[in-house]
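A look at the structure
Listed below, chain by chain, are the residues.
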Amino acid sequence: MSALDVRSYTVGPVQENCHIVRADAAADRAVIVDPGDEAERLLGAIEALGVEIEAILLTHCHFDHIGAVAPVARATGAPVYCPVIELPVLTDVMRWVPPGFGPFESYEPEHTLAGGERLALAGLDIEVLFTPGHSPGHLTYAVPGAILSGDVLFQGSVGRVDLPGGDWATLERSIEQLLRSRPPETVVHPGHMGVTTLARERDTNPFLAELRERVTAPAAR
């Protein structure tokens, strides 16, 4: 059985994780998730892997996740898939960027997503999950055995909710959805920090204490 191949590159001043994902290590097609900064470095990685990028997938449109979208899209010719709720951010990037960061280039994406879609790209079966809370339109991309979680769930932490459109109760519901709908051994490739699993975060994440009680409670008889 072939194994999913995820190469992660930590880029930019906020240390965001961009992922190049392909069906296995021998595949010559891939998708790239959240090219946030350092476009030349990401393009060099694509060239070194010898892959054709079939799509650029965005989990959400905070600047640290979209800063390199325009140059990567231009260089690869790959279509961009953007959360529909956050389309105004991608198309007018600098309006939303805090002082001291950028400049970044706006981009008109070829596709928008709302969650609930299934995408067949680069030999991957990708399920698009609507997981708001960190941002209003946040999406998580699920492939067999793994999720690309953006800023929903981290190793020992969760996405911040003090930015515009953030909401803790909404984020907690999104994380609960992930924990209930995916196998515990699902590998989590987050937008910041290291790789983890849903089981590890369910059992040890200090931000999920109340949620842990709900998802591990015995079913009522």
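Keep in mind it's a predicted model, so treat the numbers as computed, not measured. (Residues numbered from 1 in each chain as written. Predicted model: local features only at pLDDT ≥ 70, side-chain atom pairs only at ≥ 80, totals over all residues. Heavy atoms only, no water.)

**Observations concerning the overall build of the protein**
- A tally of helices and strands in the protein yields 7 helices and 14 strands.
- Relative to a compact globule of 221 residues, whose C-alpha radius of gyration would be 17 Å, the protein shows 17 Å and is just as compact.
- Summarising its shape, the C-alpha atoms of the protein cover approximately 55 × 45 × 30 Å along the three principal directions.
- Taking all 221 residues of the protein together, the buried fraction comes to 52%. (Helix = DSSP H or I, 4+ residues; strand = E, 2+ residues; numbered from the N terminus. Rg over C-alpha atoms; globule rule 2.2 N^0.38 Å. Buried < 20%, exposed > 50% of the residue type's maximum accessible area, 1.4 Å probe, protein only.)

**Quick word on the environment of Tyr 141**
- The residue Tyr 141 is located in strand 9 (residues 139–143) in this model.
- A relative accessible area of 1% places Tyr 141 in the buried class.
- With residues near it in sequence (within four places) discarded, Tyr 141 still touches Leu 57, Leu 58, Thr 59, Tyr 81, Leu 113, Ile 126, Glu 127, Val 128, Ala 146, Ile 147 and Leu 148.
- Among the polar contacts made by the side chain of Tyr 141, one reaches the main-chain carbonyl oxygen of Leu 58 at a distance of 2.7 Å. (Contact = heavy atoms within 4.5 Å. Polar contact = N/O pair within 3.5 Å; in protein donor to acceptor, adjacent residues only side chain to side chain.)

**A look at helix 5 (residues 168–181)**
- The end-to-end C-alpha distance of helix 5, which contains 14 residues, comes to 20 Å, matching closely the 20 Å that a straight helix rising 1.5 Å per residue would cover.
- Among the residues of helix 5, those classed as buried are Thr 170, Leu 171, Glu 172, Ser 174, Ile 175, Glu 176, Leu 178 and Leu 179.
- Two or three places before Ala 169, at the opening of helix 5, Asp 167 has a side-chain oxygen 3.4 Å from that residue's backbone nitrogen. (Expected span 1.5 Å × (residues − 1).)

**Observations regarding the environment of Glu 54**
- With respect to the secondary-structure elements, Glu 54 resides in strand 4 (residues 52–57).
- Ignoring sequence-local partners within four residues, the contact set of Glu 54 consists of Arg 29, Ala 30, Ala 78, Pro 79, Leu 121 and Ala 122.
- Only 2.7 Å separates the side chain of Glu 54 from the backbone nitrogen of Ala 122, close enough to count as a polar contact.

**Examining the nonpolar core**
- If you look at the biggest cluster of nonpolar residues, it comprises 33 residues, and the most contacted ones within it are Ile 20, Ile 53, Ile 56, Leu 58, Ile 66, Val 80 and Leu 90.
- Looking at this core element by element, the count peaks at 6 residues for helix 1 (residues 39–49).
- Discounting residues that sit within four places of it in the chain, Leu 90 has contacts with Leu 58, Cys 61, Ile 66, Val 69, Val 80, Cys 82, Ser 106, Tyr 107 and Pro 109. (Core = buried A, V, L, I, M, F, W, Y, C linked by side-chain atoms within 4.5 Å.)

**With respect to the pairing of strand 8 (residues 124–130)**
- Strand direction decides the pairing type here: strand 7 (residues 118–121) and strand 8, joined by 4 bridges, are antiparallel. Along strand 8, the bridge assignment pairs Leu 119 with Ile 126.
- Connecting strand 7 to the next strand, strand 8, in antiparallel fashion are 2 residues, including Ala 122 with a positive phi near 55°.
- As judged from the 4 bridges shared by strand 8 and strand 9, these two strands associate in the antiparallel manner. Looking at the pairing, Leu 129 lines up with Thr 140 of strand 9. (Pairing = 2+ DSSP bridges.)

**Considering the pattern of salt bridges**
- If you walk through the whole model with that rule in mind, you get 13 salt bridges.
- Taking the shortest distance from any N to any O, the salt bridge between Glu 54 and Arg 29 comes out at 2.9 Å. One end of the pair, Glu 54, is in strand 4; the other, Arg 29, is in strand 3 (residues 29–33), and 25 residues separate them in sequence.
- With a relative accessible area of 23%, Glu 54 lands in the partly exposed category.
- Exposure remark for Arg 29: the relative accessible area of 34% places this residue in the partly exposed category.
- Three or more residues are tied together by salt bridges with common partners; here these are Arg 118, Asp 125, Glu 127 and Arg 182. (Salt bridge = Lys/Arg side-chain N within 4 Å of Asp/Glu carboxyl O.)

**Structural notes on the sheet that holds strand 14 (residues 196–197)**
- In spatial order, the strands read 7-8-9-10-13-14; together these 6 strands make up an open sheet with mixed pairing. One side of each edge strand has no neighbouring strand; the edge strands of this open sheet are strand 7 and strand 14.

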